[in-house]
Amino acid sequence: MSSPGYTHRLPSVEKGREPDVTAEGTQLPKPFLTEDSFFWGVATSGYQAEGGYNGPGQPLNNWAWAESQGDVVPSGRTSDFWTLAHEDFERCREMGLNAFRMSIEWSRVQPTTTLGPTEGIAPDAEAPPFDERALYSYAQRIADCRAQGLEPIITLHHFVYPSWLGLDAWLKPETIDRYLAFVEHTLKYLLRTLPQDFGCPPPRWFITLNEPNLQAFNHYLYRIFPSGPPVGIEPTSKCLAYLLEAHVRAYRLIHEIYAGSGVSPMVSFNNYSSDLYWSDTAMLDLLFAPSRKVPRQMVRDDLLERAHAFDKRFDDARLFPRHGPRYFLGQWIKRFHHTVALRGFDLPCWERLIAVLYERAEVPLDYIAFDYYDPFIAHALRWPTWHDFDCRKRSFRDWMLESLASKWWDWHMLPEGLTFFVKHLARYGLPLLIAENGMALRRLPDNRPFKRRDNLARSQYLREHVRVVSRLVERGQPLIGYLHWSLFDNYEWGSFAPRFGLFSIDYTVYPTRHSVDATGDNPSATYAHEIQEARLQFAGMARRAGKKSAATQEAPTSGATPASPTQESNISSPDSVQKI
């Protein structure tokens, strides 16, 4: 893949100037167009990968209290991406990737290095100043990303936020305005600095918030993320509603900032896919309600009707042909979930969000990003084992909940479910991006590997999912990209045990990337091969479509020539899932 010629070196220019955001100061000759019409890439996040948070003199985020008190394993330098970004971008280029999802960490851009009270600063207090050197460093990495032929997909909030906001920031409405100030300052800076100092376009693709559904649940239902005393449906609903309001207002702000720049931004958020309607799909239906002309007073009834329709479509897909105890437990949880979610939807925080949504009839999404792992409630529970024990300081309640719940390294592989969610989300009429997909292996603190119960290797997982993606594209589904989580092993929210990386890391020594993992698997080579095969498949599809169009001079029929499953894949055809 040819390099556009942007440099990753820091030029000798004055730092810290206020951005020029006039049309003359930001306009580019033409919008940036990717060389490839489909994104094949990887996803990362700052706190999990960069290193350099929550230590002495380092930027502090809302996990700093848990790290300092020993409630979680300290993140330390984790994968050291802040230092090794250039080499990582080169690895991606060598693999044939053309997209890289990275985050700009609010905690680094507007930092504090002193840990204050857990309640945070007062609502009317002045926030800490922005660190222009940190912003320049992010601009450098974005330019370097482009220099390696990778389209940067920028996450503006990946679960964590500065510690000066307090432990429970997203229970406070003023956090929304502080987040918008961070977004505005950051994007105006990049709009000026990247064209002027690096000669490359600013980022076009944005994810405002990573998995707002999981963030709310992990703080105030599951208690996996550090938080204060509030627990239950009320703080969970409030956190989720404020996060969604932040997305809607950030969506509008980003489009206003980019107006006249010559770049058309693409803005979304990514949910963690779930077959529990109120935990995932309800948020999309809510954002689409004004454009569907649903009366404000009928939104709740509309969502309830759509919840029942979603459950029927899911049952008709027959993803669980054998109805064992787990299936029936999952059905009971779904019914209970409907009851609890409806009660939570009567809280005032939702009315506030609906008022913001109905200010305009637009859909505050340019594309739909979603994360696909193991989204089925029927897989949620399991029997605990001795190996669930780890060294974290936890209460007996926490240990029981985490032991009975399915662990990251026990998530099931069900690529047929990816087909269901793609066809389900295609109904909204927007492009679809798989913002995360991956599987975890487990390695113990002394770095010994721990086998999965199903003996699944990452290469096998990649083959199955990439081939399903290719078939869905061939058959006309509006997929625009697939991002694997993650490029390398990283810090997984209080632990280094779950390993998601294409490149494995031995944390007992310097975090050098290893292409072959402890089981002898080479997933990065597998991913590169599968991408090459998919591109050949897409090229053949395009040639066939071109010949057919030239021969018939008629409107093209829907879909494309089906691809037959190969002997290496045990995946059924996407058409085995009933069309929605």
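Residues numbered from 1 in each chain as written. Predicted model: local features only at pLDDT ≥ 70, side-chain atom pairs only at ≥ 80, totals over all residues. Heavy atoms only, no water.

Tell me about the overall build of the chain, and please be specific about residues and values.
From N to C terminus, the chain includes 17 helices and 13 strands. Across the 580 residues of the chain, 59% fall into the buried class. Counting contacts in the chain only where the partners sit at least 6 residues apart, residues at least 24 apart contribute 81% of the total. Of the accessible surface of the chain, which amounts to about 23600 Å², a share of 56% is contributed by carbon and sulfur atoms. (Helix = DSSP H or I, 4+ residues; strand = E, 2+ residues; numbered from the N terminus. Buried < 20%, exposed > 50% of the residue type's maximum accessible area, 1.4 Å probe, protein only. Contact = heavy atoms within 4.5 Å. Areas by Shrake-Rupley, 256 points an atom, 1.4 Å probe, with all protein chains shown as cover.)

Account for the nonpolar core, naming residues and giving values.
Most often, soluble globular proteins keep nonpolar side chains buried together rather than apart. With 163 residues, the main nonpolar core has Trp 40, Phe 100, Tyr 179 and Tyr 527 as its most contacted residues. Ignoring sequence-local partners within four residues, the contact set of Phe 100 consists of Val 42, Thr 44, Phe 81, Phe 89, Cys 92, Cys 145, Leu 150, Glu 151, Pro 152, Ile 153 and Leu 487. (Core = buried A, V, L, I, M, F, W, Y, C linked by side-chain atoms within 4.5 Å.)

So, the sheet that holds strand β1 (residues 39-43): which residues are in play, and what are the values?
Reading around the circumference, β1-β2-β3-β4-β5-β6-β7-β10 is the order of the eight strands in this closed barrel, with parallel pairing throughout. For this sheet, the mean angle separating the axes of adjacent strands, direction not counted, is 25 degrees. As judged from the four bridges shared by strand β4 (residues 205-210) and strand β5 (residues 266-272), these two strands associate in the parallel manner. Directly across from Asn 210, in β5, lies its bridge partner Asn 270. Sitting on the sheet, helix α15 (residues 415-426) is in contact with β6 (368-372), β7 (432-437) and β10 (479-485), with an inclination near 160 degrees to β6. (Pairing = 2+ DSSP bridges. Axes fitted to C-alpha atoms, helices over the stretch in contact; angles between N-to-C directions.)

Give me the pattern of salt bridges: which residues, what numbers.
For the coordinates displayed, the defined rule picks out 23 salt bridges. In this structure, Arg 452 engages Asp 454 in a salt bridge whose closest nitrogen and oxygen atoms are separated by 2.9 Å. Residue Arg 452 is classed as buried on the basis of its relative accessible area, which comes to 7%. With relative accessibility at 43%, the residue Asp 454 sits in the partly exposed group. With a closest N to O distance of 3.1 Å, Arg 499 and Asp 489 form a salt bridge. With Arg 499 in strand β11 (residues 498-499) and Asp 489 in the loop between β10 and β11, this pair connects stretches of sequence that are 10 residues apart. Owing to a relative accessible area of 3%, Arg 499 belongs among the buried residues under this scheme. (Salt bridge = Lys/Arg side-chain N within 4 Å of Asp/Glu carboxyl O.)

Run through the side chain of Ser 273, naming residues and quoting values.
Checked against the element boundaries, Ser 273 lands in the loop between β5 and α10 (281-288). In contact with Ser 273, not counting residues within four places along its chain, are Asp 280, Phe 370, Asp 371, Pro 375 and Phe 421.

Pulling in residues and values, what's your account of helix α6 (residues 132-147)?
Helix length check: α6, at 16 residues, gives a terminal C-alpha distance of 22 Å against a target of 22 Å (1.5 Å per residue), a fit within 8%. By the criterion of burial, α6 is predominantly enclosed, with 15 of the 16 residues buried. Regarding α6, its N-cap is Asp 131, as a side-chain oxygen of that residue lies 3.0 Å from the backbone nitrogen of Arg 133 further along. (Expected span 1.5 Å × (residues − 1). Polar contact = N/O pair within 3.5 Å; in protein donor to acceptor, adjacent residues only side chain to side chain.)

Explain the packing of aromatic side chains to me, and be specific about the residues and the numbers.
Summed over all chains, the structure comprises 50 aromatic pairs. On the basis of an interplanar angle of 55 degrees and a centroid distance of 6.2 Å, the ring pair of Tyr 272 and Trp 411 is categorised as tilted. In this pair, Tyr 272 is assigned in strand β5 and Trp 411 in the loop between α14 (396-404) and α15, connecting sequence segments 139 residues apart. For Tyr 272, a relative accessible area of 12% gives the class buried. We classify Trp 411 as buried; its relative accessible area is 15%. Among the aromatic residues, those joined into a ring-pair cluster are Tyr 277, Trp 278, Phe 310, Phe 314, Phe 320, Phe 345, Trp 350, Tyr 372, Phe 376, Phe 420 and Phe 421. One residue, Arg 442, lies across the ring of Phe 450, its end atom 5.3 Å from the ring centre. (Phe/Tyr/Trp six-rings, centres within 6.5 Å; stacked < 30°, edge-to-face > 60°. Lys NZ or Arg CZ within 6 Å of the ring centre and 35° of its normal.)

Got a sec to walk through the side chain of Thr 186? Specific residues and values, please.
On the secondary structure map, Thr 186 appears in helix α7 (residues 174-198). Apart from residues lying up to four places away in sequence, Thr 186 is in contact with Ile 104, Val 109 and Leu 135.

Give a detailed account of the sheet that holds β11, specifying residues and quantitative values.
If you walk across this open sheet you meet the three strands as β9-β8-β11, and the pairing is antiparallel. Two strands lie at the open edges of the sheet, namely β9 (449-450) and β11, each paired on one side alone. The pairing of strand β8 (residues 441-443) with β11 spans two bridges and is classified as antiparallel. Considered in β11, the bridge of Arg 442 is made with Pro 498.

Outline the pairing of β7, supporting the account with residue identities and numerical values.
Burial analysis of β7 places six of its six residues in the buried class, the great majority of the element. In this structure, β6 lies alongside β7, joined through five bridges in parallel fashion. Across the sheet, the residue bridging to Phe 370 is Ile 434, located in β7. Summarising the sheet, β7 and β10 pair through three bridges and their orientation is parallel. The residue of β10 that forms the bridge with Ile 434 is Tyr 482.

Which residues make up a nonpolar patch on the surface, and what values do they have?
Nonpolar side chains collect at one region of the surface, where Leu 221, Tyr 222 and Ile 224 lie side by side and expose about 250 Å² of accessible area between them. When you line up the elements, Tyr 222 lands in the loop between α8 (212-220) and α9 (233-258). (Patch = residues over 30% accessible without salt bridge, like charges linked within 9 Å, V, L, I, M, F, W, Y side chains within 5 Å.)

Describe in detail the packing of α15 against helix α16 (residues 458-474), supporting the description with residues and values.
At their nearest, the axes of α15 and α16 sit 9 Å apart, and the two run at 30 degrees to each other. Handedness of the α15/α16 crossing: right-handed. Residue-level inspection shows Pro 415, Leu 418, Thr 419 and Val 422 of α15 in contact with α16, the latter providing Glu 464, His 465, Val 468, Val 469 and Leu 472. Classifying every residue of the contact of α15 with α16 by side-chain character gives six nonpolar, two polar and one charged. (Left-handed = near helix turned anticlockwise from the far one by under 90°. Nonpolar A, V, L, I, M, F, W, Y, C, P; charged D, E, K, R; others polar.)

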